[in-house]
Amino acid sequence: MNQDSIHISNNKAISLQMVEIPQGQITLRDDRIKHIWTANIQPFLMAKYLVTQDLYLEITQDSPSTFKGNKKPVETVSWKEAIVFCNLLSENSGLTPCYSWNNNSEEILFDSKANGYRLPTEAEWEYACKAGTTGIRYGEIDAIAWYKENAEKTTQDVGTKEPNAYGLYDMLGNVWEWCSDIYDETVYGSYRTIRGGGWYDDERGCMATNRRRSHPKSFKIDDLGFRLARNL
């Protein structure tokens, strides 16, 4: 099979893994500053699985992960590296990239109308994670998540725990997920939001409502990856 055929088959596979998330509304909260806000969600597409190491390698020719395994989630990637991947995958799939930037500037421009792959917004992520539920998790933690008590100090292959009601796997546990949003620009500048909990976290770290943040270019760690989204 030639390289073009590989790209076509993998692009089709990725497309089939995208789940349509219905429109709705989500209320988010930041317990640190006691802030609560509501977001309206338009229908969008979200990947069933975290981006895996074999897909990341194919698209970027890079293998950054600490815990190696083709079907393990890619990790040890910065937010900037995640959006570079999204753009490359979009171009490879014949779609319009969502992100642009000048290498001499810190500013990242986002085209909200583009049809390419992107990171989910924080509101989209929490809405998709809860999948119509109202608690801190969409199921019993050992059934749905790889975390400190059962992960054996490493990431695990994606899709091996139970999905939520939308058919999304590993929304909690395994690795944290980069989201597109700036966390709090007035306090943290360009820091981006991280959601979901990872293999190193205890039970209270793996909740649909937990929010963390870090630097988009310099921060990368072995329990942080990402998941794809697209506009409908």
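What counts, and at which threshold
Residues numbered from 1 in each chain as written. Predicted model: local features only at pLDDT ≥ 70, side-chain atom pairs only at ≥ 80, totals over all residues. Heavy atoms only, no water. 1 Å grid on protein atoms, 1.4 Å probe; cavity = no way out; pocket = protein on both sides within 12 Å on 5 of 7 lines; lining within 4 Å. Points joined across faces, edges and corners; volume = space filled by probe spheres on them. Helix = DSSP H or I, 4+ residues; strand = E, 2+ residues; numbered from the N terminus. Nonpolar A, V, L, I, M, F, W, Y, C, P; charged D, E, K, R; others polar. Pairing = 2+ DSSP bridges. Contact = heavy atoms within 4.5 Å. Axes fitted to C-alpha atoms, helices over the stretch in contact; angles between N-to-C directions. Salt bridge = Lys/Arg side-chain N within 4 Å of Asp/Glu carboxyl O. Buried < 20%, exposed > 50% of the residue type's maximum accessible area, 1.4 Å probe, protein only.

Draft legend 1. Up close: the layout of surface pockets. Taken as a whole, the largest pocket spans an internal volume of roughly 300 Å³. Those elements giving two or more residues to the lining of the largest pocket turn out to be α1 (3-16) and α2 (53-60). Split by residue class, the lining of the largest pocket holds 9 nonpolar, 3 polar and 3 charged. For the second largest pocket, the full set of lining residues is Arg29, Asp30, Asp31, Arg32, Trp176, Tyr183, Arg204, Gly205, Thr209, Asn210, Arg211 and Arg212. Residue composition of the lining of the second largest pocket, by class: 2 nonpolar, 3 polar and 7 charged.

Draft legend 2. Inspection of the sheet that holds strand β8 (residues 176-182) at higher detail. Overall, mixed pairing links the 4 strands, which are arranged β10-β9-β8-β11 in an open sheet. Both edges of this open sheet fall to β10 (212-214) and β11 (224-225), since each of them pairs with a single strand only. When strand β9 (residues 192-195) meets β10, the two strands line up antiparallel, connected through 3 bridges. Note on β10: the bridge partner recorded for isoleucine 194 is arginine 212.

Draft legend 3. Layout of the sheet that holds strand β12 (residues 229-231). The sheet built from 4 strands is open, its strands ordered β1-β4-β12-β7 with antiparallel pairing. Single-partner strands in this sheet number two, and they are β1 (18-21) and β7 (117-118). Relative to strand β4 (residues 44-47), β1 is paired through 4 bridges, and the arrangement is antiparallel. Bridge pairing in β4 places valine 19 opposite methionine 46. Seen against the sheet, helix α4 (residues 122-130) touches β1, β4 and β7 and runs at an angle of roughly 70° to β4.

Draft legend 4. The pattern of salt bridges, seen in detail. Taken as a whole and judged by the stated rule, the model has 12 salt bridges. Between aspartate 54 and lysine 71 there is a salt bridge, with its nearest N and O atoms 2.6 Å apart. Of this pair, aspartate 54 sits in helix α2 while lysine 71 sits in the loop between α2 and α3 (79-92), and the two are 17 residues apart along the sequence. Lysine 71 sits in the partly exposed class, given a relative accessible area of 45%. One network of salt bridges, in which partners are shared, links Asp30, Glu122, Glu126, Lys130, Arg195 and Arg211.

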